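Each chain, written out:
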Amino acid sequence: MGGAIGTVRLSIFPLSGALLFPGLQLPLHIFEPRYRAMVSDALARDRRIAMIQPQSAGDGAPLFQVGCVGKIEDVEALEDGRYNIVLSGIARFRVLRELDAKTPFRQVEAELLSDDLGEALSAVERAGFEREARTFADAQGYAVDWDSVARLDDQSLINGVSQIAPFDVAAKQALLEAPNLATRCELLIQLMQFFGRRDSDDGAVTLQ
């Protein structure tokens, strides 16, 4: 995992199954009053919101240790107080402790993690990933524009698939926590192989 580059106070949005990776975008519809307050607060300050997965359902659920800070790039304020926003991933973070915040939304003290956004895969790693992705997509019935995929840089490809892949919470969290791009690529291949082998009557496979 990348090294720490500083300690920050973050307003968090604990949303199961919604992961954000550095360099990618995540559209969100904000309707709960506490998260409307969080967006309003972020817009008045640094436009940053930290996405992180809870380990279970319910208010105040324990959090996974690693999430990703996003900056609000686009915002549509609706008349009834709801928002449509688009977050752009800036940096992963590791939670140090939850703060006793007076705000309706939760806050944490966290350390930002330095990821090498210039990382690249070897030609063999890239080819192996694309081959497995084609097999997985065919097995799941996904229509994919492979010419567009071929034009993506390694970061956009691996992080993009990690963000949208139909895996369970624990698997997607493991992808977010992978220390570097090559490790994340290798884990994605393993997950596609594992998930792709499930029987069609079984329902979704989980790794929890």
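What you are looking at is a predicted structure, and each value in this text was computed from that prediction instead of being measured.

Peer 1: Explain the pairing of strand β6 (residues 107-113) here, please?
Peer 2: The two faces of the sheet receive side chains in turn, since in a regular strand these alternate between them. Of all the seven residues making up β6, six are buried; the element is thus mostly covered by neighbouring parts of the structure. Sheet topology note: the strand β5 (residues 83-98)/β6 ladder contains five bridges and is antiparallel. Residue pairing for β6: glutamate 98 is matched across the bridge by valine 108.

Peer 1: How do you make sense of the layout of surface pockets when you look at a structure like this?
Peer 2: To find the voids left in a structure, one rolls a probe of water-molecule size over its atoms. The volume enclosed by the largest pocket comes to roughly 410 Å³. Lining the largest pocket we find 20 residues, and of these Tyr142, Val144, Gly160, Val161 and Ile164 sit closest to its centre. Elements supplying a minimum of two residues to the lining of the largest pocket: α2 (123-140), α3 (146-151) and α4 (154-164). Of the residues forming the lining of the largest pocket, the biggest block, six residues, is contributed by α4. Roughly 350 Å³ of volume is contained in the second largest pocket. Surrounding the second largest pocket, 20 residues form its lining, Pro14, Arg34, Tyr35, Gly58 and Asp59 being those nearest its centre. Contributions of two or more residues to the lining of the second largest pocket are made by β1 (4-14), β2 (25-30) and α1 (33-44). Among the residues forming the lining of the second largest pocket, the class breakdown is eleven nonpolar, five polar and four charged.

Peer 1: Just to check I follow, could you spell out the side chain of serine 162 for this structure?
Peer 2: For serine 162, the position within the fold is in helix α4. A polar side-chain atom of serine 162 sits 2.8 Å from the main-chain carbonyl oxygen of isoleucine 158. Excluding anything up to four places from it in sequence, serine 162 contacts Phe21, Lys172, Leu175, Arg184 and Leu188.

Calculation criteria
- Residues numbered from 1 in each chain as written.
- Predicted model: local features only at pLDDT ≥ 70, side-chain atom pairs only at ≥ 80, totals over all residues.
- Heavy atoms only, no water.
- Buried < 20%, exposed > 50% of the residue type's maximum accessible area, 1.4 Å probe, protein only.
- Helix = DSSP H or I, 4+ residues; strand = E, 2+ residues; numbered from the N terminus.
- Pairing = 2+ DSSP bridges.
- 1 Å grid on protein atoms, 1.4 Å probe; cavity = no way out; pocket = protein on both sides within 12 Å on 5 of 7 lines; lining within 4 Å.
- Points joined across faces, edges and corners; volume = space filled by probe spheres on them.
- Nonpolar A, V, L, I, M, F, W, Y, C, P; charged D, E, K, R; others polar.
- Polar contact = N/O pair within 3.5 Å; in protein donor to acceptor, adjacent residues only side chain to side chain.
- Contact = heavy atoms within 4.5 Å.

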